[in-house]
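# An overview of the molecular structure
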Amino acid sequence: MAIIMDTEAALSTSARPRRSLGRDVAGVATMILVGGIGYLLFPDNLALLTRIVAVGLLVLSLDLVTGYCGVATLGHAALFGSGAYAAGILSAHYGINDPLLMTLAGAVGGAAAGLVSGAIILRGHGLPQLVLSIALINLFHEFANKASSWTGGSDGLSGISADPIFGYFEFDLYGHTAYVFALILLLIVFVILRLLVRSPFGMLCRGVKEDPIRIRAMGASPKAALMKMYVISGAVAGVGGALTAITTQVVGLDSLSFTLSAETLVMLVLGGTGSLFGALSGTVIFMLFEDYVSAANPFHWLTMVGALLIGVVLFAPKGLYGSTATFFRRKRESGR
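Residues numbered from 1 in each chain as written. Predicted model: local features only at pLDDT ≥ 70, side-chain atom pairs only at ≥ 80, totals over all residues. Heavy atoms only, no water.

### Examining helix 5 (residues 127–146)
As a reminder of what qualifies: Helix numbers and strand numbers start at the N terminus; a helix is a DSSP run of H or I with at least 4 residues, a strand a run of E with at least 2. By definition here, a helix of n residues has an expected span of 1.5 Å times n minus one. Contacts: residue pairs with any heavy atoms within 4.5 Å of one another.
Its 20 residues give helix 5 an end-to-end C-alpha distance of 29 Å, which sits within 8% of 28 Å, the value for a rise of 1.5 Å per residue. On its buried face, helix 5 is in contact with helix 3 (77–92), helix 4 (99–121), helix 6 (148–151) and helix 11 (258–271).

Rendered as structure tokens:
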């Protein structure tokens, strides 16, 4: 009997990676399908869809530090804006217009901002972390405003242009190339992050969120792990910022605003923290809902958005995606 039970446990354990891989493949296929449907159904509104992808990268980066590491922050737009300005400055001031190099510059700029932000924010816990993050986003915003010779200040950084990708695919006025480029970036980043959060390092970060004292007792450094994740998060957010600079050809101070940081946290909560799929679903739902209700009712759309968020927090505390996934998992387990 013991041998049979051990065999069943081993088979169950070996089946988990296959199930996880199957879910990942299905999720990526769904992302490609939804992206393709958006391309076909909304050919005149690809700019909005591209913006959703860029903000989705920002929400993914926030999920890394908040959902997986438990770090409270309301200043994550500092990383996004740093990436946008890094890509924009490379083009506007140095004449380097290759989209791939601009994306790389955005990742480096975001990672650098993540290093600075993490070094400061991680010195506090709970409410002090929130206060530090708010102070940082205001400092980044003010620095960009004062350094107008580089950033354009309140007028924004203009003069940005992007060469054709690989010399063949030009960024047209209708946004076809920009949207496809954004989707490819999103898929690449998403696959990398799925591997990251399931790696031993990702498990370590989850352990830090659950019980940092035990992690320290095991000989690991919680702060070092959080710093590494913050830098990775900054690189992801920087890619989103670079994508915005490349596709809109302008970078404004709104990319470093507290409002963007707060909306990013709302999107994450809406979809569900600690889940990359939840982060993306929350972004899509929030931005499409916001776009629709603001066009349908320009005077009361904020009320509708507020009602949606209250309903989600009260009746789906794990977020729309998180609560739905939990429901189906319990139903599947009860049917065994």
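### What about the packing of helix 12 (residues 276–296) against helix 13 (residues 301–315)?
Put simply, the rule is: For helices, the fitted axis covers only the stretch in contact; all axes are lines through C-alpha atoms, and the angles between them, taken along N-to-C directions, range from 0 to 180 degrees. Crossing chirality is assigned from the near helix's rotation relative to the far helix, an anticlockwise turn below a right angle marking it left-handed and a clockwise turn marking it right-handed. Residue polarity is assigned by list, with Asp, Glu, Lys and Arg as charged and Ala, Val, Leu, Ile, Met, Phe, Trp, Tyr, Cys and Pro as nonpolar; anything else, Gly included, falls into the polar class.
Axis separation between helix 12 and helix 13 bottoms out at 9 Å; the angle between their running directions is 150°. Helix-helix and strand crossings are classified by hand; for helix 12 and helix 13 the assignment is right-handed. Two secondary-structure elements touch here, helix 12 through Phe 286, Phe 289, Glu 290, Val 293 and Ser 294 and helix 13 through Trp 301, Met 304, Val 305 and Leu 308. Of the residues belonging to the contact of helix 12 with helix 13, the class tally is 7 nonpolar, 1 polar and 1 charged.

### Re the side chain of Thr 244
Put simply, the rule reads: Residue burial is assigned from relative accessible area. The probe radius is 1.4 Å, only protein chains are included, and a residue is buried under 20% of its type maximum, exposed over 50%, and partly exposed in between.
Within the secondary structure, Thr 244 sits in helix 10 (residues 222–248). Under the relative-accessibility criterion, Thr 244 is labelled buried at 12%. When residues no more than four places from it in sequence are discounted, the contact partners of Thr 244 are Arg 51, Ala 54, Phe 80, Gln 249 and Val 250.

### Topic: a positive patch on the surface
The following threshold applies: Patch membership needs two things, relative accessible area over 30% and no salt bridge, and members are linked within 9 Å if like-charged or within 5 Å if nonpolar (Val, Leu, Ile, Met, Phe, Trp, Tyr). Calculation of accessible area relied on Shrake-Rupley with a 1.4 Å probe; when residues are assessed, cover is drawn exclusively from the protein chains displayed. Take a side-chain nitrogen of Lys or Arg and a carboxyl oxygen of Asp or Glu: if they are within 4 Å of each other, that pair is a salt bridge. Only four residue types enter the charge count, namely Lys and Arg as positive and Asp and Glu as negative; His and the chain termini do not. Every charge is mapped onto a representative atom, which is NZ of Lys, CZ of Arg, CG of Asp or CD of Glu.
A cluster of basic residues, Arg 23, Lys 318, Arg 329, Arg 330 and Arg 332, forms a positive patch on the protein surface. Looking at which element gives the most residues to the positive patch, the answer is helix 14 (residues 320–334), with 3 residues. One can find Arg 332 in helix 14. Residue class for Arg 332 comes out partly exposed when judged on its relative accessible area of 48%.

### Structural notes on the confidence of the model for the protein chain
Rules: For every residue, the predictor states its confidence as a pLDDT score lying anywhere from 0 to 100.
On average, residues of the protein chain score 88 in pLDDT, and 93% of them reach the 70 mark or higher. Low pLDDT, under 50, characterises residues 1–15; the predicted model gives this stretch 1 contact beyond four residues in sequence or across chains.

### Some words on the state of the cysteines
Here is the rule: Throughout, a disulfide means two cysteine sulfur atoms within 2.5 Å of one another.
The tally for this structure, following the rule as stated, stands at 0 disulfides. Lacking any disulfide linkage, Cys 69 is separated from the closest cysteine sulfur, that of Cys 205, by 4.0 Å. Looking at Cys 69, the relative accessible area reads 5%, which means it is buried.

### Details of the environment of Ile 121
Here Ile 121 shows up in helix 4. Residue contacts for Ile 121: discarding those within four places in its chain leaves Val 71, Ala 72, Thr 73, Gln 129, Leu 132, Ser 133, Leu 136 and Tyr 230.

### Regarding the packing of aromatic side chains
Each aromatic ring pair is summarised here by two numbers: the centre-to-centre distance and the angle between the ring planes. Inclusion rule: Pairing of aromatic rings covers Phe, Tyr and Trp, the last counted by its six-membered ring, and requires centre-to-centre distances within 6.5 Å; plane angles under 30 degrees mean stacked, over 60 mean edge-to-face, and any other angle means tilted.
Across all of its chains, the model carries 5 aromatic pairs by this definition. A centroid spacing of 6.1 Å and a plane angle of 85° characterise the contact between Phe 171 and Phe 181, whose relative ring orientation is edge-to-face. Of the two residues, Phe 171 is situated in the loop between helix 6 and helix 7 (176–198) and Phe 181 in helix 7; the sequence distance between them amounts to 10 residues. Neither Phe 171 nor Phe 181 differs from the other in exposure class; each is buried.

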